[in-house]
Amino acid sequence: MKPSNLHHETIKIVALAGGVGGAKLADGLAQVLPPENLTVIVNTGDDFTHWGLNISPDVDTVCYTLAGLANPVSGWGRRDESWQVFQQMERLGAETWFRLGDQDLATHLERTRRLRSGESLSSITRDFCQRWGIRQRILPMSDDRVRTMVNTVEMGELSFQEYFVHQRCQPTVKGFRFDGIESAQPAPGTLEALQNADAIVFCPSNPWVSVDPILKTLKNQTVFESKCLIAVSPIIGGETVKGPAAKMFRELGFESSALAVARHYGKSLLTGFVLDNADAALADAVADVGISPLVTPTLMTQPADRARLAQDVLNFAKSFLL
Ligand code: GDP
Ligand code: CA
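Worth saying up front: this structure is predicted, and the values here are computed from it rather than measured. (Residues numbered from 1 in each chain as written. Chains lettered and ligands numbered in written order. Predicted model: local features only at pLDDT ≥ 70, side-chain atom pairs only at ≥ 80, totals over all residues. Heavy atoms only, no water.)

**What about the packing of helix α8 (residues 207–218) against helix α10 (residues 258–265)?**
The description of two packed helices rests on the angle between their axes and on the distance between the axes.
Moving on, step 1. Where α8 contacts α10, the axes come no closer than 12 Å and their chain directions differ by 20 degrees. On the basis of the axis angle, α8 is roughly parallel to α10. Taken as a pair, α8 and α10 cross one another with a handedness that is right-handed. Between α8, through Pro207, Trp208, Val211, Asp212 and Leu215, and α10, the contact on the second element is made entirely by Val261, His264 and Tyr265.
Moving on, step 2. For the contact of α8 with α10, the class distribution of residues is 6 nonpolar, 1 polar and 1 charged. (Axes fitted to C-alpha atoms, helices over the stretch in contact; angles between N-to-C directions. Helix = DSSP H or I, 4+ residues; strand = E, 2+ residues; numbered from the N terminus. Parallel < 35°, antiparallel > 145°, perpendicular 65-115°, else oblique. Left-handed = near helix turned anticlockwise from the far one by under 90°. Contact = heavy atoms within 4.5 Å. Nonpolar A, V, L, I, M, F, W, Y, C, P; charged D, E, K, R; others polar.)

**Topic: the nonpolar core**
Moving on, step 1. Counting residues in each nonpolar core, the largest one holds 46 residues, and the members touching the most others are Phe202, Phe224, Tyr265 and Phe273.
Moving on, step 2. Residues in contact with Tyr265, not counting those within four places in the same chain, are Phe202, Ser205, Pro207, Val211, Asp212, Leu215, Ala231 and Leu270.
Moving on, step 3. Counting 36 residues, the second-largest nonpolar core is a separate cluster that includes Ala26, Ala30, Cys129 and Ala310. (Core = buried A, V, L, I, M, F, W, Y, C linked by side-chain atoms within 4.5 Å. Buried < 20%, exposed > 50% of the residue type's maximum accessible area, 1.4 Å probe, protein only.)

**Topic: empty space enclosed by the protein**
Moving on, step 1. Tallied over the entire structure, the rule returns 1 cavity of 30 Å³ or more.
Moving on, step 2. Within this model, the largest cavity holds a volume of roughly 30 Å³.
Moving on, step 3. Only α2 (57–66) and α5 (121–131) provide two or more residues apiece to the lining of the largest cavity.
Moving on, step 4. With 4 residues, the top contributor of residues to the lining of the largest cavity is α5.
Moving on, step 5. Split by residue class, the lining of the largest cavity holds 6 nonpolar, 1 polar and 2 charged. (1 Å grid on protein atoms, 1.4 Å probe; cavity = no way out; pocket = protein on both sides within 12 Å on 5 of 7 lines; lining within 4 Å. Points joined across faces, edges and corners; volume = space filled by probe spheres on them.)

**Looking at the site of ligand 1**
Moving on, step 1. Every one of the 22 residues lining ligand 1 counts as a neighbour, but Ser205, Ser210, Pro234, Val241 and Met300 are closest to it.
Moving on, step 2. A distance of 2.9 Å separates an oxygen atom of ligand 1 from a polar backbone atom of Gly22.
Moving on, step 3. Note that an oxygen atom of ligand 1 is positioned 2.7 Å from one of the backbone N or O atoms of Met300.
Moving on, step 4. For ligand 1, whose accessible area on its own is 590 Å², the fraction buried by protein is 94%.
Moving on, step 5. No other element matches the 4 residues that helix α1 (residues 20–32) contributes to the shell around ligand 1. (Near = heavy atom within 4 Å. Polar contact = N/O pair within 3.5 Å; in protein donor to acceptor, adjacent residues only side chain to side chain. Areas by Shrake-Rupley, 256 points an atom, 1.4 Å probe, with all protein chains shown as cover.)

**Quick notes on the sheet that holds strand β6 (residues 147–152)**
Moving on, step 1. Pairing is antiparallel in the open sheet, where 3 strands are placed in the order β7-β6-β8. Sheet topology places β7 (156–159) and β8 (173–179) at the edges, where each strand pairs with a single neighbour. Each adjacent strand pair in this sheet contributes to an overall mean axis angle of 25 degrees, direction not counted.
Moving on, step 2. Of the strand pairs in this sheet, β6 and β8 are connected by 6 bridges, and their pairing is antiparallel. Bridge pairing in β8 places Thr148 opposite Phe178.
Moving on, step 3. Packed on one face of the sheet, α8 meets β6 and β8 and runs near 35 degrees to β8. (Pairing = 2+ DSSP bridges.)

**Topic: α8**
Moving on, step 1. For α8, a buried count of 11 out of 12 residues is recorded, marking the element as mostly surrounded by other parts of the structure.
Moving on, step 2. Among all positions of α8, only Pro207, Trp208, Val209, Ser210, Val211, Asp212, Pro213, Ile214, Leu215, Thr217 and Leu218 are buried.
Moving on, step 3. The N-cap residue of α8 is Asn206: its side-chain oxygen and the backbone nitrogen of Trp208 are 2.9 Å apart.
Moving on, step 4. Positive backbone phi, at 45 degrees, marks Lys219, one or two positions downstream of α8.

**Brief notes about the sheet that holds strand β9 (residues 199–202)**
Moving on, step 1. A sheet is described by the order of its strands in space; here 7 strands give the open sequence β5-β2-β1-β9-β10-β13-β14, paired in parallel fashion. Strands with a single pairing partner mark the edges of an open sheet, and in this sheet they are β5 (137–140) and β14 (292–295). Across the sheet, the mean angle separating the axes of adjacent strands is 20 degrees when strand polarity is ignored.
Moving on, step 2. In this sheet, strand β10 (residues 228–232) lies alongside β9 in parallel orientation, the contact comprising 4 bridges. Looking at the pairing, Phe202 lines up with Ala231 of β10.
Moving on, step 3. This element, α10, spans β9, β10 and β13 (272–275) of the sheet and lies at about 160 degrees to β13.

**Notes on the coordination of the calcium ion (ligand 2)**
Moving on, step 1. The protein atoms donating to the calcium ion (ligand 2) are Asp46 (OD), Asp58 (OD) and Asp58 (OD), with metal-donor distances spanning 2.0 to 2.5 Å. With Asp46 in the loop between β2 (38–42) and β3 (48–50) and Asp58 in helix α2, the pair connects residues that are 12 residues apart, well separated along the chain.
Moving on, step 2. Residue class for Asp58 comes out buried when judged on its relative accessible area of 6%. (Donors = N, O, S within 2.8 Å, 3.2 Å for Na, K, Ca; no water.)

In structure tokens:
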């Protein structure tokens, strides 16, 4: 992208994000927006306790990515990571199905200590972001405990990390339950950010277990009324780039396609929907649902792909704001 495009945007964006797919577009938006114009609201339904530590995988993935600390290969965890503690834990017989690197562990140790002293997740996240040099606002969806539970055919109900990491998404999905969601309050700042946003972007995150928990936590759907909402498809050519979203659509009885994602959110929510060039043939069907389609390359392999897609999304959003 041309440097002249950088930071000339005045549009205010709130992005809803899970982990890997969410962080990539959030990073693109961070490249093309002035920092004060971007707020990212992140899923915390994946949060869990492991080795006695409070872990917030999606919040950490978004923070590490925006701070330039993320592992570019795996998409999660830290770059230049070492595994000394993990190896010693293994030797001591600790559970090793969830890998935690040394640098990553520092995040969980300090977060856990501060949570136990009574500080909120959003306050801790704000402070960590400042220390990591992140200038955009990253908000967990809630400071209250929400736990995504995956109901499976073979193993009954599993906690999300048990399903996702331990069982490697193998069990057949029957449905989801977001434990605690009824009483969970949106984190401080989330509703205000949505009210002040010119456009809300659903990152190409898993609709079922990344974006839905955020939408259900925000509850108050009036914050979305008369807003420009743009979703980017996490499904390209019927498959996910990474993760179980396509498998979930199929196991829940839907076709797995970008169109199914557009239908999942629906026209009552979405203004526009971004699908990949590979899915150009579905654009008319998206329009038939009552949602404006934009066809553009959506695979973010390089940092420049993230910025380019982000700029396309902003231009698309602006076309509805005139
Ligand atoms: P998780 O919390 O780490 O599982 O990550 P997310 O829910 O944020 O993102 C998972 C989704 O991101 C998957 O459905 C992927 O297909 C999608 N995804 C990952 N990379 C890309 C990409 O480069 N482009 C698009 N369009 N989707 C992507
Ligand atoms: Ca996640």
